[in-house]
Amino acid sequence: QKWTDLEVSATTLADLALHCDEFLVHGVDVEGLQSGIEEPLVEILASSPIPVTYAGGVRFIEDLELVHRLGAGRVDATIGSALDLFGGAR
């Protein structure tokens, strides 16, 4: 992995969408922590012209509902560590 200074914005999403079928965007500051989602990022992702899935920070069903609301129903979410809530082992 390599850090970049590419800003996630509506313009960046539109430019990249010309070369992609869909996006999977990780909120790296919260990923795996089950500490809540990166709300500003989800709001930006709602502007994506192609399907987009957000990953990172989800712990509760309410987090999924928040992604749905902030993403204007246009952002899907995926969960990993949060599966521990449903009997998964760490």
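Bear in mind that the values here come from a model prediction, so they are computed numbers and not experimental data.

What counts and how
Residues numbered from 1 in each chain as written. Predicted model: local features only at pLDDT ≥ 70, side-chain atom pairs only at ≥ 80, totals over all residues. Heavy atoms only, no water. Buried < 20%, exposed > 50% of the residue type's maximum accessible area, 1.4 Å probe, protein only. Helix = DSSP H or I, 4+ residues; strand = E, 2+ residues; numbered from the N terminus. Pairing = 2+ DSSP bridges. Right-handed = clockwise from strand over helix to strand, strands pointing away. Axes fitted to C-alpha atoms, helices over the stretch in contact; angles between N-to-C directions. 1 Å grid on protein atoms, 1.4 Å probe; cavity = no way out; pocket = protein on both sides within 12 Å on 5 of 7 lines; lining within 4 Å. Points joined across faces, edges and corners; volume = space filled by probe spheres on them. Nonpolar A, V, L, I, M, F, W, Y, C, P; charged D, E, K, R; others polar. Arc of directions from axis to C-beta. Contact = heavy atoms within 4.5 Å.

## Remarks on the pairing of strand β2 (residues 52-55)
Working step 1: Of the two faces of β2, the one lined by Val52 and Tyr54 and the one lined by Thr53 and Ala55 are each fully buried.
Working step 2: Looking at chain direction, strand β1 (residues 23-26) and β2 are connected through four bridges and run parallel. Bridged to Phe23 within β2 is Val52.
Working step 3: The parallel pair β1 and β2 is bridged by helix α2 (residues 39-45), and the resulting crossover is right-handed.
Working step 4: The pairing of β2 with strand β3 (residues 75-78) spans four bridges and is classified as parallel. Its bridge partner being in β3, Tyr54 is matched across the sheet by Ala77.
Working step 5: Viewed along the sheet, the connection from β2 through helix α3 (residues 61-70) into β3 turns out right-handed.

## Quick word on the sheet that holds β2
Working step 1: The three strands are arranged β1-β2-β3 in an open sheet whose pairing can be described as parallel. The sheet is open, and its two borders are formed by β1 and β3, each paired with just one other strand. Between one strand axis and the next, the sheet turns by 30° as a mean value, whatever way the strands run.

## A closer look at the layout of surface pockets
Working step 1: Of the pockets and cavities examined, the largest pocket occupies roughly 720 Å³.
Working step 2: In this structure, the largest pocket is lined by 19 residues; those nearest its centre are Thr4, Val8, Val25, His26 and Val28.
Working step 3: A per-element tally of the lining of the largest pocket places β1 first, with four residues.
Working step 4: Classifying every residue of the lining of the largest pocket by side-chain character gives 10 nonpolar, five polar and four charged.

## Comments concerning α3
Working step 1: Along α3, the residues that are buried comprise Asp63, Leu66, Val67 and Leu70. Axial view of α3: buried residues confined to an arc of 100°, hence all on one face. What points out from α3, more than 90 degrees from its buried face, is the exposed set His68 and Arg69.
Working step 2: Where α3 is buried, its residues touch α2, β2 and β3.

## Notes on the environment of Ala77
Working step 1: With respect to the helices and strands, Ala77 occurs in strand β3.
Working step 2: Take Ala77: its relative accessible area is 32%, and that puts it in the partly exposed class.
Working step 3: As for Ala77 and Gly56, which are separated by 21 residues in sequence, their C-alpha atoms are 8.5 Å apart.
Working step 4: Setting aside residues no more than four positions away along its own chain, Ala77 makes contact with Thr53, Tyr54, Leu64 and Val67.

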